[in-house]
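Remarks on the overall topology
Residue-level listing of the chains:
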Amino acid sequence: MQRRRSTSVGSAPNPKKLEVPLRKISTSSPFTRRRKKSSISTDVRIAFVGTLGVGKSALTVRFLTRRFIGEYENSADYKYRHMISLGDEIIHLEILDARSQNVLSNDVIRWADGVCLVYSITDLSSFWTIRTWAHKIRECRKNSVCEFILVGNKKDLSHFRKISTENGRALASELECPFFEVSAAEDYQSICDALYELYQENDMSGVLVSLDFHKAFDSVDHRFIIEALKSFNFGESFINWVKMFYEDVTACVMNHGISTGYFEVGRGVRQGDPLSPYLLIVAIELLAITTIASAMRAFQFQTLHRYLPVNAKLFE
Ligand SMILES: Nc1nc2c(ncn2[C@@H]2O[C@H](COP(=O)(O)OP(=O)(O)OP(=O)(O)O)[C@@H](O)[C@H]2O)c(=O)[nH]1
């Protein structure tokens, strides 16, 4: 699961904020019943997207308040905050009810951890749009995790149905995402189930990168320090100064007045030097950036283990 803290929708055009008082769903809520984790707090952003009138606001409000009002103010993006507990885990949800547009905005895709692609079972065009939008999400978020689910809303209007459950299921299987048919008008449970599934999907797709900086001060490779400085565009003369301290360094060890021969020192920052912690931070920053990039790439091809040791060697 992506765990982030932010309150704006990228550079989306001034989304109107509608702060809903933080509500804690009781532990008997269907969304909270089935899972127990250690005590942690998670931030999750979910966006409801779909074409005009498919019921995005109705679904959002139903989930947040358990009520179906019927008519909703639809002229802007609305963002809600909501808190739920899943066993010992506190989940801070940010839910975006995106206003309808013909095109799914990149800002929304970049903002969300998970997307509910909503169509109405009574509206064919809302259904056909989904495929394009799903591909757009995959394309736009190919280097980061953003799961989506397919939600067919207005299940209660079965007499006006234009899209069969089988068609919905077939599209979901083509897009390789979970599928739900729900009714914001009549059903609360299935909306919770859908959101829970979305949460689960994201949870399973996360990448955890752990860097162990055991004896990092002593083990960072001097060549890597220089490469890191170059990567961050430090000036040539500054890099030459650092090189002076770190290239061709030799040392010997004195024990009871007896000295070893001189040997080359290729690793470790100089102790007692006020510049050293900053050099280490620069090196760690580059390592973190390349590791995360490798991990995300590796995750896509499911070969995480092959990439991480490459970076880890820099600090061995
Ligand atoms: N019968 C029925 N009507 C629904 C359902 N969900 C939404 N509606 C109705 O569909 C209409 C549009 O619902 P909204 O929630 O405003 O849809 P929206 O996707 O947010 O609309 P835009 O933001 O304008 O695109 C409203 O009249 C709702 O009452 C449902 O499950 N069943």
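Residues numbered from 1 in each chain as written. Predicted model: local features only at pLDDT ≥ 70, side-chain atom pairs only at ≥ 80, totals over all residues. Heavy atoms only, no water.

The next subject is the overall build of the chain. Along its length, the chain carries ten helices and twelve strands. Burial status across the chain gives 45% buried among its 316 residues. Nonlocal contacts in the chain, meaning residues at least 24 apart in sequence, comprise 76% of its contacts between residues at least 6 apart. Total accessible area on the chain stands at roughly 17,100 Å², and carbon and sulfur atoms take up 54% of it. (Helix = DSSP H or I, 4+ residues; strand = E, 2+ residues; numbered from the N terminus. Buried < 20%, exposed > 50% of the residue type's maximum accessible area, 1.4 Å probe, protein only. Contact = heavy atoms within 4.5 Å. Areas by Shrake-Rupley, 256 points an atom, 1.4 Å probe, with all protein chains shown as cover.)

Now for the layout of surface pockets. Any empty space left between atoms is shown by rolling a water-sized probe over those atoms. As a volume, the largest pocket reaches approximately 420 Å³. Lining the largest pocket we find 25 residues, and of these Gly53, Val54, Gly55, Ala58 and Tyr72 sit closest to its centre. For the lining of the largest pocket, the leading source of residues is helix H1 (residues 56-65), giving three residues. Of the residues contributing to the lining of the largest pocket, the split by class is eleven nonpolar, seven polar and seven charged. (1 Å grid on protein atoms, 1.4 Å probe; cavity = no way out; pocket = protein on both sides within 12 Å on 5 of 7 lines; lining within 4 Å. Points joined across faces, edges and corners; volume = space filled by probe spheres on them. Nonpolar A, V, L, I, M, F, W, Y, C, P; charged D, E, K, R; others polar.)

So, on to the nonpolar core. Side chains of nonpolar character tend, in soluble globular proteins, to be buried together. Membership of the largest hydrophobic core comes to 31 residues, with the highest contact counts inside it found for Ile46, Phe48, Leu59, Phe63, Leu93, Cys116 and Val151. Elements with a contribution of two residues or more to this core: strand E3 (41-49), H1, strand E4 (78-86), strand E5 (89-97), strand E6 (114-120), strand E7 (147-153) and helix H5 (189-205). The contacts of Phe48, once residues within four sequence positions are left out, are Lys56, Leu59, Thr60, Ile95, Leu96, Asp97, Ala98, Cys116, Val118 and Leu195. Membership of the second largest hydrophobic core comes to 27 residues, among which are Ala47, Val49, Leu171 and Leu175. (Core = buried A, V, L, I, M, F, W, Y, C linked by side-chain atoms within 4.5 Å.)

Moving on, we come to the site of the ligand. The local shell around the ligand holds 21 residues, among which Lys56, Ser57, Ala58, Gly70 and Ser100 are the closest. Val54 places a polar main-chain atom, nitrogen or oxygen, 3.2 Å from an oxygen atom of the ligand. Here the ligand, which alone exposes 650 Å², has 86% of that area covered by the protein. Using a 2 Å cut-off from the grid points, one finds that the ligand occupies the largest pocket. Ranked by residue count, the leading element in the shell around the ligand is H1, at three residues. Within the shell around the ligand, the residues separate by chemical class into eight nonpolar, nine polar and four charged. (Near = heavy atom within 4 Å. Polar contact = N/O pair within 3.5 Å; in protein donor to acceptor, adjacent residues only side chain to side chain. Sits in = over half its atoms within 2 Å of the grid points.)

Let us now look at unusual backbone geometry. Backbone geometry places Lys154, a non-glycine residue, at a positive phi of 70°. Relative to the assigned elements, Lys154 resides in the loop between E7 and helix H4 (165-175). Although it is not a glycine, Glu176 sits at a positive phi angle of roughly 55°. Inspection of the secondary structure assignment puts Glu176 in the loop between H4 and strand E8 (179-181). Given the relative accessible area of 66%, Glu176 is considered exposed.

Here we come to the environment of Phe160. Within the secondary structure, Phe160 sits in the loop between E7 and H4. The sequence separation of Phe160 and Thr122 amounts to 38 residues, and the corresponding C-alpha distance is 5.6 Å. Setting aside its immediate chain neighbours within four residues, Phe160 contacts Ile121 and Thr122.

Residues Gly168, Leu171, Ala172 and Leu175 constitute the buried set of H4. An end-on view of H4 places all buried positions within 100° of arc, on one side of the element. For H4, the exposed residues set more than 90 degrees away from the buried face come down to Glu166 and Ser173. If you follow the buried residues of H4, they end up packed against E6, helix H3 (124-140), E7 and E8. Positive phi appears at Glu176, one or two residues downstream of H4, with a value of about 55°. (Arc of directions from axis to C-beta.)

These figures come from the coordinates and say nothing about function on their own.
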